[in-house]
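Spelled out, the chains give:
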Amino acid sequence: MKVGVMASGRGSNFQAIIDSIASGESPDVEIAQLVVNKSNAYAVKRAKKNKIKCNYVDSAAITREEFDKEVIKIMEASEVEIIVLAGFMRILSPLFIKKYKNKILNIHPSLLPSFPGANAHKDALQYGAKISGCTVHLVDENIDSGPIIMQASVEINENESEESLSKKILFHEHKLLPKALQLMCSNKISLEGRQVIITAD
Ligand code: GRF
């Protein structure tokens, strides 16, 4: 199934998907397109290296809806069916969410519904949580609130820093996101209300 990835920065989750396809673990996933909203996003270099189509749309210069319409055009031209937000640091408009209803995956570095938003690691540490982790979920109209597909947990130690926590969680993100995407692309994911049902092999 053709997948369009959206990223804003480093793109290590994007790389994890590329690697998982290369190793044969994601036979039903084909990355057809990368879209970035930052011209200096390192994800662009990863796309080039792997000969993946990449477009930059400057989100600073246009409205949210204009940006989303532009991205839809690009994704349609590449016949994308599933969207993955891999470190994409921008809220999508209802227009975009409707267009790809239950077809957008996001990876978030906390155990949702705890600590949504852009500062998940900091928020978990400040709150004094003893466990955190990451969540792959479907994207709905609200921030980090859609149906949960998969989660993995890590312990927060006494001397944990934002950096060490983020490193620990990232290790799991790189496993979880490709796994959830493969399930999605092999039609093994369905919804009952907000419960995600995963069909066994
Ligand atoms: C990850 O921690 C992801 O959970 C969050 O943003 C970060 C992106 O990292 N949404 P990368 O760009 O994939 O390396």
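Here the structure is shown first, and the text comes after it.
Let us look at the structure shown here. (Residues numbered from 1 in each chain as written. Predicted model: local features only at pLDDT ≥ 70, side-chain atom pairs only at ≥ 80, totals over all residues. Heavy atoms only, no water.)

Before going further, it helps to examine the overall build of the protein chain. Looking only at helices and strands, the protein chain features six helices and nine strands. Here the C-alpha atoms of the protein chain give a radius of gyration of 16 Å, agreeing with the 17 Å that 2.2 N^0.38 yields for 201 residues. A separation threshold of at least 6 residues defines the contact pool for the protein chain, and within that pool the share at least 24 residues apart is 64%. Here the protein chain displays about 10500 Å² of accessible surface, and carbon together with sulfur accounts for 49% of that area. Between the mean site of the 25 positive side-chain charges and the mean site of the 24 negative ones, the protein chain shows a separation of 4 Å. (Helix = DSSP H or I, 4+ residues; strand = E, 2+ residues; numbered from the N terminus. Rg over C-alpha atoms; globule rule 2.2 N^0.38 Å. Contact = heavy atoms within 4.5 Å. Areas by Shrake-Rupley, 256 points an atom, 1.4 Å probe, with all protein chains shown as cover. Lys, Arg positive; Asp, Glu negative; His and termini not counted. Charge placed at Lys NZ, Arg CZ, Asp CG, Glu CD.)

Before going further, it helps to spend a moment on the site of the ligand. Taken together, R10, G11, S12, N13, G87, I107, H108, P109 and E173 make up all the residues around the ligand. R10 places a side-chain nitrogen or oxygen 2.6 Å from an oxygen atom of the ligand. Bound to the protein, the ligand loses 87% of the 370 Å² it would expose on its own. (Near = heavy atom within 4 Å. Polar contact = N/O pair within 3.5 Å; in protein donor to acceptor, adjacent residues only side chain to side chain.)

Position of I107 among the secondary structure elements: in strand β5 (residues 104–108). Residues I107 and E173, 66 residues apart in the sequence, show an inter-C-alpha distance of 7.1 Å. Setting aside anything within four residues of it in sequence, one finds I107 in contact with N13, L85, A86, C134, T135, V136, E173 and L177.

Turning to the packing of aromatic side chains, a few remarks are in order. Overall, the coordinates contain three aromatic pairs when judged by the stated rule. Pairing F96 with Y100 gives two aromatic rings, centres 5.3 Å apart and planes at 45 degrees, and the pair type is tilted. The exposure class assigned to Y100 is buried, which follows from its relative accessible area of 5%. Measuring from ring centre to ring centre gives 5.7 Å for F115 and Y127, while their planes differ by 65 degrees; the resulting arrangement is edge-to-face. Of this pair, F115 sits in the loop between β5 and α5 (120–127) while Y127 sits in helix α5, and the two are 12 residues apart along the sequence. Accessibility expressed as a relative area gives 68% for Y127, which makes it exposed. Above the ring of Y100, the side-chain terminus of K99 is found at 5.7 Å from the ring centroid. (Phe/Tyr/Trp six-rings, centres within 6.5 Å; stacked < 30°, edge-to-face > 60°. Buried < 20%, exposed > 50% of the residue type's maximum accessible area, 1.4 Å probe, protein only. Lys NZ or Arg CZ within 6 Å of the ring centre and 35° of its normal.)

To continue, consider the pairing of strand β2 (residues 30–36). Extensive coverage of β2 is indicated by the burial of six of its seven residues. This β-α-β element, strand β1 (residues 2–7) to helix α1 (residues 12–22) to β2, shows right-handed connectivity. By the bridge criterion, three bridges tie β2 to strand β3 (residues 54–56) in an arrangement that is parallel. Bridge pairing links V36 to Y56 in β3. Crossover handedness for the path β2 to helix α2 (residues 43–49) to β3: right-handed. (Right-handed = clockwise from strand over helix to strand, strands pointing away. Pairing = 2+ DSSP bridges.)

In contact at an axis separation of 9 Å, α5 and helix α6 (residues 162–185) are set at 115 degrees when each is read in the N-to-C sense. Every pair of crossing elements has a handedness; the one defined by α5 and α6 is right-handed. Mapping the contact onto sequence places H121, K122 and L125 in α5 and E162, L165, S166 and I169 in α6. For the contact of α5 with α6, the class distribution of residues is three nonpolar, two polar and two charged. (Axes fitted to C-alpha atoms, helices over the stretch in contact; angles between N-to-C directions. Left-handed = near helix turned anticlockwise from the far one by under 90°. Nonpolar A, V, L, I, M, F, W, Y, C, P; charged D, E, K, R; others polar.)

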